[in-house]
Amino acid sequence: PYTTLFRSGAIQFVPFALLEADDGTHLIEAFRIDYLSSGRDLLRFTADPYDRTDPLIIADPDFNLTAAPGSGPAGGPFKRSPGFAVEGKWLRRKLQCKEAWFGPNALKGKVRRVRSPQILHFATHGFVDEPAGMITYTHRRTVIHGTDRDTNAPDPALNPLLFSGLALAGANTWKEGGQPAEDAEDGILTAEDVTSMDLLGTELVTLAACDTGRGGLRTGEGVLGLRRSFTIAGARVLIMSLFQVPGWLAFELTRELYTRVLEEPVSYAEALRAAQLALSRRYPGALEWGYFICQGDPGLRWGDQAKVSQIRTPS
């Protein structure tokens, strides 16, 4: 079975923190487990970093946002959760953020123009596989190629980066065939969209959403989804979930994580491990805390000025 696991690439989705040691404890109790998308990532840890802007929080998008107020869809695949707003507001106070985009301001157009915030935190829904097939492929096929599309043009269905992403303002409106508000675009920040973002100075991206660590598997290329795209965009550390996580637990992990990031001299990777250990002791019957993983530079930490350059390469 282990040979099959390695050959299939499914090892990319194994939450190693939850594996049991010989004494019955979880591996995370004895080890800090770091993830890389590929061996090439090691070269990025020594590269000259770029400048960065203040932390940015994007939380609780208005999925039913439309160009005409009051005419949004009655339903849709994405439901607003009170926890998104609570998480975003708590984190805004904790990080003393100058920028935080909630509700109708959590717009895809604005997100795509972001320029390297030190920390970029999303509190919204993530999706992969079937939801993306319903939401992005069906619509983008028409948008990209038109009704009578060129049969020689690349089929968007073959691009795995279109099948995972984050839901932002207007996502339900687009799905239901309505007209999203200006700058909302289609309300779906796909992994493909992320690849064109400028995150070269971003230290940490936190995706407090379900399934954000998953995506399509390609032999020799790993997981083609948000975890690959944010790396391509330049983010040095990415915290994400391999599977679905209850909203209340994601919020508690967020609080534990950032409290340690800001108050203790530890790396982002060490802060996540400490947060997970705290939740494992607080909720011995829950295991979803182990679904979160940290990918990227294991030594990078908040306020490490030695790793910050104030010079940006001209665009």
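Structure's up top.
This report concerns the structure included in the present document.

**A few points about the sheet that holds strand β7 (residues 204–207)**
One open sheet accounts for six strands, arranged β2-β1-β3-β7-β10-β11; its pairing is mixed. This sheet does not close on itself; its edge strands, each paired only once, are β2 (99–103) and β11 (292–296). When the angles between neighbouring strand axes are averaged without regard to direction, this sheet yields 10°. Here strand β10 (residues 237–241) runs beside β11; their pairing, made up of five bridges, is antiparallel.

**As for unusual backbone geometry**
One non-glycine residue, Ser116, lies in the positive phi region at around 50°. Structurally, Ser116 can be placed in the loop between α4 (108–112) and β3 (119–123). At Asp183, a residue that is not glycine, the phi angle is positive and equals roughly 75°. When you line up the elements, Asp183 lands in the loop between α6 (171–175) and β6 (188–190). What makes Asp183 partly exposed here is its relative accessible area of 25%.

**Structural notes on the side chain of Thr254**
Here Thr254 shows up in helix α9 (residues 247–263). Side chain to side chain, Thr254 and Glu87 meet in a polar contact 3.4 Å long. Excluding residues that lie within four positions of it along the chain, Thr254 makes contacts with Glu87, Trp90, His121 and Ala208.

**Remarks on the side chain of Asp62**
With respect to the element layout, Asp62 can be found in the loop between β1 (56–61) and α3 (82–95). Overall, Asp62 belongs to the buried group, its relative accessible area being 19%. The residues touching Asp62, leaving out its near neighbours within four places in the chain, are Arg80, Gly103, Pro104, Ala169 and Gly170.

**Some points on the pattern of salt bridges**
Counted according to the given criterion, the structure contains 15 salt bridges. In this structure, the salt-bridge partner of Lys108 is Glu185, at a minimum N-O distance of 4.0 Å. Separated by 77 residues along the polypeptide, Lys108 in helix α4 and Glu185 in the loop between α6 and β6 bring together distant segments of the chain. In this structure, the salt-bridge partner of Glu185 is Arg112, at a minimum N-O distance of 3.2 Å. Placement of the pair is Glu185 in the loop between α6 and β6 and Arg112 in helix α4, with a sequence separation of 73 residues. In this structure Glu185 comes out as partly exposed when scored by relative accessible area, which is 31%. Arg112 gets classed as partly exposed once you look at its relative accessible area, which sits at 34%. Within this structure, Lys108, Arg112, Glu185, Asp186 and Asp193 form a network of salt bridges that share partners.

Reading the values: the criteria
- Residues numbered from 1 in each chain as written.
- Predicted model: local features only at pLDDT ≥ 70, side-chain atom pairs only at ≥ 80, totals over all residues.
- Heavy atoms only, no water.
- Pairing = 2+ DSSP bridges.
- Helix = DSSP H or I, 4+ residues; strand = E, 2+ residues; numbered from the N terminus.
- Axes fitted to C-alpha atoms, helices over the stretch in contact; angles between N-to-C directions.
- Buried < 20%, exposed > 50% of the residue type's maximum accessible area, 1.4 Å probe, protein only.
- Polar contact = N/O pair within 3.5 Å; in protein donor to acceptor, adjacent residues only side chain to side chain.
- Contact = heavy atoms within 4.5 Å.
- Salt bridge = Lys/Arg side-chain N within 4 Å of Asp/Glu carboxyl O.

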